[in-house]
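# Structure at a glance
Single-letter residue listing:
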Amino acid sequence: LGGIFAPAAAKISEAQLEEQARYLQERIKALKDKDRLQEAYYDLANIYTKIPDFARAKEAYLKAIDLNTSSKLAWKCRFILAWNEKRQGNFEEALKDFEILSQAAGEDKLAMLSKYQVADTYRKKGDYQKAAEIYQEVGAEEQDKDLASLAEFRAGYTYLYDLKDY
């Protein structure tokens, strides 16, 4: 079995992450190119998310977004911001952000992933009926078989276990 399972990744300590953050902060001061600067802020935000320091992560994601609001990276930053709000239990803020992303991201895969997260956030809030309905929509609309299957499963699970709708 030794060759089947990948070895566990080494855990990076908070001190190492802080050191990486300091390095990126210094690098950011020297960057002039907006695209590279946006990528650096995105990387910095991801480090803060791993620590987890959501306040500093949010600040860095917002700076990345401001550099080019229409780039794919800016949309990804918006998604992670919403995800972090959900992780912190700020469901109303997460819902608002995921709903905007599900409509504004267009035909991009991010739009449907955001719609799935809308359903998942409603479920975490305890609004099981709304969650199940949106999971069903994602299952019916999504072209990606994996996401569609997952959404259909979550809809069935929510009806069965949360709504007790046999």
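One can find the structure itself at the top, above this paragraph.
Remember, predicted model here, so these are calculated numbers, not experimental data.

## Examining the overall build of the protein chain
Looking only at helices and strands, the protein chain features eight helices and zero strands. Listing the helices and strands of the protein chain from first to last along the sequence gives α-α-α-α-α-α-α-α. A total of 166 residues make up the protein chain; the buried ones form 42% of that total. Relative to all contacts within the protein chain whose residues are 6 or more apart in sequence, the contacts with residues 24 or more apart total 46%. For the protein chain, the accessible surface area stands at approximately 10100 Å², while carbon and sulfur atoms represent 52% of it. Each charge sign in the protein chain was given a centre, from 26 positive and 29 negative side chains, and these centres are 4 Å apart.

## Some points on the packing of helix α7 (residues 128-141) against helix α8 (residues 145-162)
One way to put it is that α7 packs onto α8 with a least axis distance of 8 Å and a crossing angle of 155°. The pairing of α7 with α8 is recorded here as roughly antiparallel in orientation. Where α7 crosses over α8, the two elements pack in a sense that is left-handed. Between α7 and α8, the residues in contact are Tyr128, Gln129, Ala132, Glu133, Tyr135, Gln136, Val138 and Gly139 and Leu147, Ala148, Ala151, Glu152, Arg154, Ala155, Thr158, Tyr159 and Asp162, respectively. Each residue belonging to the contact of α7 with α8 can be placed in one class, and the counts come to nine nonpolar, four polar and four charged.

## Considerations on the packing of aromatic side chains
For the structure on display, the rule yields six aromatic pairs. Taken together, a centroid distance of 6.1 Å and an interplanar angle of 40° make the contact between Phe153 and Tyr157 tilted. One end of the pair, Phe153, and the other, Tyr157, are both in helix α8, four residues apart, so they sit about a helical turn from each other. Classification of Tyr157 as partly exposed rests on a relative accessible area of 31%. Three or more aromatic residues joined by ring pairs form one cluster here, namely Phe79, Trp83 and Phe98. Seen from the ring of Trp75, Arg78 lies directly overhead, with NZ or CZ sitting 4.4 Å from the centre. One Lys or Arg, Arg154, reaches over the ring of Tyr157 and ends 5.5 Å from the middle of that ring.

## Quick look at the nonpolar core
The nonpolar side chains of a soluble globular protein tend to be buried with one another. Tyr41, Leu44 and Tyr61 are the most contacted members of the largest nonpolar core, which totals 25 residues. Of all elements in the fold, only α1 (14-30), α2 (34-50), α3 (54-67) and α4 (72-87) reach the threshold of two or more residues within this core. Those residues within four positions of Tyr61 in sequence are excluded, and the remaining contacts are Tyr42, Ala45, Asn46, Thr49, Cys77, Ile80, Leu81 and Asn84. Within the second largest apolar cluster, 19 residues are counted, among which are Tyr116, Ala119, Ile134 and Ala151.

## Let's talk about helix α5 (residues 91-104)
Between its terminal C-alpha atoms α5 stretches 20 Å, which fits the 20 Å expected from 14 residues at 1.5 Å a residue. Every buried residue of α5 is accounted for by Ala94, Leu95, Asp97, Phe98, Leu101 and Ser102. Where the residues of α5 are buried, they touch α4 and α6 (109-125).

## Observations concerning the environment of Gln38
With respect to the helices and strands, the residue Gln38 is situated in helix α2. Along the chain, Gln38 and Asp66 lie 28 residues apart, while their C-alpha atoms are 8.5 Å from each other. Those residues within four positions of Gln38 in sequence are excluded, and the remaining contacts are Ala64, Ile65, Leu67, Asn68, Ser71, Leu73 and Ala74.

The rules behind each value
- Residues numbered from 1 in each chain as written.
- Predicted model: local features only at pLDDT ≥ 70, side-chain atom pairs only at ≥ 80, totals over all residues.
- Heavy atoms only, no water.
- Helix = DSSP H or I, 4+ residues; strand = E, 2+ residues; numbered from the N terminus.
- Buried < 20%, exposed > 50% of the residue type's maximum accessible area, 1.4 Å probe, protein only.
- Contact = heavy atoms within 4.5 Å.
- Areas by Shrake-Rupley, 256 points an atom, 1.4 Å probe, with all protein chains shown as cover.
- Lys, Arg positive; Asp, Glu negative; His and termini not counted.
- Charge placed at Lys NZ, Arg CZ, Asp CG, Glu CD.
- Axes fitted to C-alpha atoms, helices over the stretch in contact; angles between N-to-C directions.
- Parallel < 35°, antiparallel > 145°, perpendicular 65-115°, else oblique.
- Left-handed = near helix turned anticlockwise from the far one by under 90°.
- Nonpolar A, V, L, I, M, F, W, Y, C, P; charged D, E, K, R; others polar.
- Phe/Tyr/Trp six-rings, centres within 6.5 Å; stacked < 30°, edge-to-face > 60°.
- Lys NZ or Arg CZ within 6 Å of the ring centre and 35° of its normal.
- Core = buried A, V, L, I, M, F, W, Y, C linked by side-chain atoms within 4.5 Å.
- Expected span 1.5 Å × (residues − 1).

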